[in-house]
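# A structural walkthrough
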Amino acid sequence: MCAVFAAASLAHAVARAQGAVETAATCTNDDTLPPEQMLGICGLVIGSTATLPDRVQALIVRAGLQLRLEQVDLAIADGDLAVRLDPLSAAALEARGQALAAGKKFDRALDDFDRAIRLRPNEARLFASRAATFASMHENRLAVRDYNEAVRLDPTRVQGLIDRAAAYAKVKRFDLVIDDQSDIIRLEPTAEHYDARGQSYARNNAYGRAIADFDAAIRLEPKASYFVNRGNAFSLSGAYDRAITDYTTALQLQPELAMAYNNRGVAWRDKGDMVRALADFEAAVRSDPTLDIAIRHRQQLGRMAVAARKPAIGLHPSADASIR
């Protein structure tokens, strides 16, 4: 009889252990479940008989989920526990550092990233995490330094190039922004990336190159915002008719796009058609009553129209002073 009970207990323990392993795997690998459900699953792992590495990993995953849900204090608490359980885990230090950075505890976050980098000096993601913290602190040159190292360690990681391009923009190295965006396009030639580089070219007054990139974006995905951006490049280069055509296409795709109305109004105004310009500025304000630029354009054009209609009135020098 004792042997039967012992066998049953052993089978139950094995089943529990298998369940813990499966639950730990779900907590680590399943991105399809809602975050709230994943929190519960990871909680089961943390409180189970799972191995220490599995429990630490569950704490790391749960901390990340809590950050997504803006539960920063809970994420920090999970990071604290993960680091206590395994002080030599670079991943645990990174998770806590990210939570601390989200809570604006930047000095402590940097300490965690420094420790993680000492443990794993060849891991690009750790440099990227520290760079993001420097960027949040407006230490843009330090952010560029760390993004440079992250890209050196993993030159094919698109997000690293995107982040470094943003950091370059903050230090006004727009030539390097475009270089990174060109590398991004070589790795991922998507409409979004062509549009981003097109905007950079337009900011640098390279309108021909900007238009070529917007052409590529539109071929891949005829999106209203891409037509607006190409229209802007046409308008800034003086090709008002082509700009108006693009803004009109954008409005056909997205009829309530206030900025398209505003920008088409600018093109009409610069072309000399004040009536159509005013109509577009009014349409922009109807679509978005908070769009300040359209409100200002409408007011300016309204004042110009009043001034044009107002007759020139002057008083004869001998007129009675009482009517002046």
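So, how was this worked out
- Residues numbered from 1 in each chain as written.
- Predicted model: local features only at pLDDT ≥ 70, side-chain atom pairs only at ≥ 80, totals over all residues.
- Heavy atoms only, no water.
- Helix = DSSP H or I, 4+ residues; strand = E, 2+ residues; numbered from the N terminus.
- Buried < 20%, exposed > 50% of the residue type's maximum accessible area, 1.4 Å probe, protein only.
- Contact = heavy atoms within 4.5 Å.
- Areas by Shrake-Rupley, 256 points an atom, 1.4 Å probe, with all protein chains shown as cover.
- Expected span 1.5 Å × (residues − 1).
- Polar contact = N/O pair within 3.5 Å; in protein donor to acceptor, adjacent residues only side chain to side chain.
- Salt bridge = Lys/Arg side-chain N within 4 Å of Asp/Glu carboxyl O.

### Brief notes about the overall build of the protein chain
When its secondary structure is counted, the protein chain shows 17 helices and zero strands. Across the 324 residues of the protein chain, 41% fall into the buried class. Across the protein chain, the fraction of contacts at a sequence separation of at least 24, relative to all contacts at a separation of at least 6, is 39%. Carbon and sulfur atoms make up 54% of the accessible area of the protein chain, which totals about 18200 Å².

### Observations concerning helix α15 (residues 258–271)
Helix length check: α15 (14 residues) gives 20 Å between terminal C-alpha atoms against 20 Å at 1.5 Å per residue, within 8%. Most of α15 is tucked away: 10 of the 14 residues are buried. Those residues of α15 not exposed but buried are A258, A260, Y261, N262, N263, R264, G265, V266, A267 and W268. At the C-terminal side of α15, G272 shows a positive phi close to 100°.

### Here's the deal with the side chain of N229
Secondary-structure assignment places N229 in helix α13 (residues 224–236). Engagement of the side chain of N229 in a polar contact is seen with the side chain of D195, the distance being 2.8 Å.

### Let's talk about unusual backbone geometry
Here the phi dihedral of K104 falls at roughly 60°; this positive angle occurs in a residue that is not glycine. Following the sequence through the fold, K104 ends up in the loop between α5 (90–102) and α6 (106–119). Here K104 falls in the exposed class, since its relative accessible area comes to 65%. The phi torsion at K172 lies on the positive side, around 60°, for a residue other than glycine. Take K172: it is sitting in the loop between α9 (158–170) and α10 (174–187).

### With respect to the pattern of salt bridges
Across all of its chains, the model carries 20 salt bridges by this definition. Note that D213 and R197 form a salt bridge whose closest N and O atoms lie 2.6 Å from each other. Of this pair, D213 sits in helix α12 (residues 207–220) while R197 sits in helix α11 (residues 191–203); the two residues are 16 residues apart in sequence, bridging distant segments of the chain. Across the pair, exposure class does not vary: D213 and R197 are buried alike. The salt bridge partner of R269 is D270, with a shortest N-O separation of 3.1 Å. The exposure class assigned to R269 is partly exposed, which follows from its relative accessible area of 25%. For D270, a relative accessible area of 37% puts it in the partly exposed group. Here the residues in one salt-bridge network are E94, R120, E123 and R125, joined through shared partners.

Geometric values such as these leave the question of function open.
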